[in-house]
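Descriptive analysis of the structure
These are the residues of each chain, in order.
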Amino acid sequence: MSDLIIRSVPLSNFGQSVCMLAIEKGIPYVFEKTFPHSDEANEIHPFGKIPVMKHGDVTLCESNAIAHYIDSAFDGPKFFPKDPVLAAKVEEWISLHVCTFDQTMIRKYVLSYLFPKTENGEPDRARIDGALGDMEKQLAFIDSCLTGDYFVGDTLTYADLAMYPTLKGLVGFPESKAMIKNSPNVSRFISNMASRESAQKTKP
Ligand SMILES: N[C@@H](CCC(=O)N[C@@H](CS)C(=O)NCC(=O)O)C(=O)O
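Everything quoted here is computed from the prediction, not taken from an experiment.

**With respect to the site of the ligand**
Taken together, Ser-12, Asn-13, Phe-14, Pro-36, His-37, Lys-49, Ile-50, Pro-51, Glu-62, Ser-63, Val-98 and Arg-107 are the residues near the ligand. At a separation of 2.6 Å, an oxygen atom of the ligand approaches a polar side-chain atom of Ser-63. Out of a free accessible area of 510 Å², the ligand has 80% covered by protein chains. Of the residues belonging to the shell around the ligand, the class tally is 5 nonpolar, 4 polar and 3 charged.

**Concerning the side chain of Glu-24**
For Glu-24, the position within the fold is in helix H1 (residues 13–25). Among the polar contacts made by the side chain of Glu-24, one reaches the side chain of Arg-196 at a distance of 2.8 Å. Aside from chain neighbours lying at most four places away, what touches Glu-24 is Pro-77, Phe-79, Leu-156, Leu-161, Arg-196 and Ser-198.

**Some thoughts on the domain arrangement of the protein**
By the assigned domains, the protein splits into domain 1 (4–73) and domain 2 (84–201). The C-alpha centroid of domain 2 is placed 20 Å from the C-alpha centroid of domain 1. Overall, the association of domain 1 and domain 2 removes approximately 1400 Å² of surface from exposure, summing both partners, and the carbon and sulfur fraction of that is 63%. Along the contact surface separating domain 1 from domain 2 lie 1 salt bridge. Of the charged contacts in the structure, one is a salt bridge between Arg-196 and Glu-24, with a shortest N-O distance of 2.8 Å. Put simply, domain 1 and domain 2 have 8 residue pairs in polar contact (both at pLDDT 80 or more) between them. Sorting the residues of the side of domain 1 that touches domain 2 by element identifies H1 and helix H3 (63–73) as the ones contributing at least two each. With 9 residues, H1 is the largest single contributor of residues to the side of domain 1 that touches domain 2.

Definitions and cut-offs
Residues numbered from 1 in each chain as written. Predicted model: local features only at pLDDT ≥ 70, side-chain atom pairs only at ≥ 80, totals over all residues. Heavy atoms only, no water. Near = heavy atom within 4 Å. Polar contact = N/O pair within 3.5 Å; in protein donor to acceptor, adjacent residues only side chain to side chain. Areas by Shrake-Rupley, 256 points an atom, 1.4 Å probe, with all protein chains shown as cover. Nonpolar A, V, L, I, M, F, W, Y, C, P; charged D, E, K, R; others polar. Helix = DSSP H or I, 4+ residues; strand = E, 2+ residues; numbered from the N terminus. Contact = heavy atoms within 4.5 Å. Domains from an automatic or database assignment. Buried area = accessible area lost by both parts, 1.4 Å probe. Salt bridge = Lys/Arg side-chain N within 4 Å of Asp/Glu carboxyl O.

In structure tokens:
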């Protein structure tokens with residue numbers, strides 16, 4: 001059978017989630033370092049985003065679609081539950097992540113430190129400050145939900161793999177680091193997840 005190819009960059013939170021899934025399932029994959037809007041990303045994603053995936057004749061963009069494919073096309077443990085309530089809860093977290101948490105925490109906050117669009121190349125203070133209120137509310141909500149080890153049910157699901165890279169990414173920046181420190185459940189989740197082989201092997 002053909003190789004599973006994941007095109008992304010190590011820093012991509014969405015890319016890390018799908019790579020972690022492949023590792024958790026025990027599926028070997030080829031990681032092709034691919035920047036957004038490169039020919040290799042544009043070949044598969046209509047708007048040049050990463051991650052994208054190739055497996056034989058199958059090409060896919062959008063991390064949730066890629067994750068569903070990897071989970072169902074290959075043997076190994078399942079990370080999208082069959083139970084209707086648990087399955088919907090996993091999708092609920094994935095959607096909250098892509099529509100809300102990632103937008104605030106990564107696009108607005110982290111990227112304003114890492115790739116600011118300021119004239120002098122300094123972190124974009126206005127954009128960073130503008131993210132703090134929403135980030136605090138979102139982290140308080142997540143912390144109130146994360147009373148157990150996992151986001152949904154009592155086993156690892158793709159909800160955890162979708163959320164982990166984004167939450168872990170917050171530890172490296174001052175305001176979010178302080179917020180994480182004040183969120184005991186989120187802190188515990190990050191440190192539990194960070195010890196998994198899939199997190200170690202995909203560390204940005
Ligand atoms: N909804 C997409 C989001 C992917 C995404 O935003 N990827 C970022 C890198 S982490 C990207 O390609 N950004 C370039 C852009 O937005 O133009 C998914 O789940 O895969």
